[in-house]
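Structural features, examined
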Amino acid sequence: MKWSRLLVAAGIGALVGYVVKEQVNTTTSYSPEKALNSAKEAFRKEGPISGSWIYMKTKELVKNGLTYTVYHGGITRTVEGEDTPFEFYVDAHTGTIVEVAESA
C-alpha cells in the first residue's frame, strides 16, 4: 500500500512539473538576448551600430487594435556620420520587430 501511494505521488509530481515547464516555455519563446540580437541584425543591414540595450522584462504594447507581449529596447547607429538613437519593440513570442521609432 505504501508503494502505490509513493508511485501516485511521484506521478502527480511529474505531471505538475511538466505542466509548469510547458507554461513557462509558452509564455515567451524568445529570450531578451535573442530579441536584441535579431533587432541588431536588422539594424546592421542599414549601417554600423555603436550601442544597444534591452529591458529584460516583457510589457504589453497595443498597436492597431492588437495587444502584443514585447521586449522594449534601443539601438544607436551611425546615420550620415552622426549617432542616431532608435527604440524598438520585439514580439516576445515570435521575435518579430513590431515597431521601430527614432528616439528624441
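Starting from 1, residues in each chain are numbered consecutively following that chain's sequence as written. Reporting of local features is limited, given that this is a predicted model, to residues whose pLDDT is at least 70; pairs of side-chain atoms are given and counted only at 80 or more, and all residues count toward the totals for whole chains, interfaces and linings. Computation of side-chain values covers all heavy atoms of the structure but excludes hydrogens and water.

With that settled, consider the nonpolar core. To qualify as a nonpolar core, a set must consist of buried Ala, Val, Leu, Ile, Met, Phe, Trp, Tyr and Cys residues joined through side-chain atoms within 4.5 Å. To sort residues, take the accessible area from a 1.4 Å probe on protein chains only and compare it with the maximum for the residue type: under 20% means buried, over 50% means exposed, and anything in between is partly exposed. Counting residues in each nonpolar core, the largest one holds 11 residues, listed as A35, L36, A39, F43, I54, Y71, I75, F86, F88, V90 and A92. Only DSSP runs of H or I reaching four residues or more are called helices, and only runs of E reaching two or more are called strands; each is numbered from the N terminus. Elements with a contribution of two residues or more to this core: helix 2 (32–44), strand 3 (66–79) and strand 4 (82–91).

All right, on to the pattern of salt bridges then. When the charged atoms of two side chains lie near each other, side chains of opposite charge can form a pair. Think of a salt bridge as a Lys or Arg side-chain nitrogen and an Asp or Glu carboxyl oxygen that are within 4 Å of each other. If you walk through the whole model with that rule in mind, you get one salt bridge. Measuring nitrogen to oxygen at the nearest pair gives 3.6 Å for the salt bridge that ties E99 to K63. Placement of the pair is E99 in strand 5 (residues 97–102) and K63 in strand 2 (residues 59–63), with a sequence separation of 36 residues. Relative accessible area serves as the criterion here: at 26%, E99 is assigned to the partly exposed category.

With that settled, consider the side chain of S103. If you trace the backbone, S103 turns up in the segment after strand 5. Here the side chain of S103 touches E87 through a polar contact of 3.4 Å, side chain to side chain. Note on contacts: a residue pair is in contact if any heavy atoms of the two residues lie within 4.5 Å. Every residue in contact with S103, bar those within four places of it in the chain, is listed here: P85, F86 and E87. Between N or O atoms, a polar contact is any pair within 3.5 Å; within protein, one atom must be a potential hydrogen donor and the other a potential acceptor, and residues adjacent in sequence are included only when both atoms are from side chains.

A pair of aromatic rings is counted whenever rings of Phe, Tyr or Trp (Trp by its six-membered ring) have centres within 6.5 Å, and the orientation is called stacked for planes under 30 degrees apart, edge-to-face for over 60 and tilted otherwise. Per the stated rule, a full pass over the model turns up three aromatic pairs. Between F43 and F86 the ring centres are 5.5 Å apart and the planes differ by 55°, which places this aromatic pair in the tilted class. You can see F43 sitting in helix 2 and its partner F86 sitting in strand 4, a full 43 residues away along the chain. On the accessibility criterion, F43 (7% relative accessible area) is buried. Only when the NZ atom of a Lys or the CZ atom of an Arg is both within 6 Å of the ring centre and within 35 degrees of the ring normal do we say a charge sits over the ring. It is K34 that lies over the ring of Y30; its NZ or CZ is 5.6 Å from the centre.

Here the focus is helix 2. The first and last C-alpha atoms of helix 2 sit 18 Å apart over 13 residues, in line with the 18 Å expected at 1.5 Å per residue. Of all the positions in helix 2, only P32, A35, L36, A39, K40 and F43 are classed as buried. Around the axis of helix 2, the buried residues are gathered within 130° of arc, so they sit on the same side. Tucked inside the fold, the buried residues of helix 2 contact strand 1 (49–54), strand 3, strand 4 and strand 5. Each residue after the first adds 1.5 Å to the expected span of a helix. In this description, one arc is meant: the one made by directions from the helix axis to the C-beta atoms.

To continue, consider the pairing of strand 4. Here the rule is simple: two strands pair whenever DSSP picks up at least two bridges between them. In this structure, strand 3 lies alongside strand 4, joined through 10 bridges in antiparallel fashion. Bridge assignment links I75 to a residue of strand 4, and that residue is F86. Between the antiparallel neighbours strand 3 and strand 4 lie two residues, among them E80 with a positive phi of about 50°. Sheet topology places strand 4 next to strand 5; five bridges connect them, and they run antiparallel. From the neighbouring strand, E87 faces strand 5, where its bridge partner is A101. Between strand 4 and strand 5, which pair antiparallel in sequence order, lie five residues; one of them, G95, sits at a positive phi of approximately 85°.

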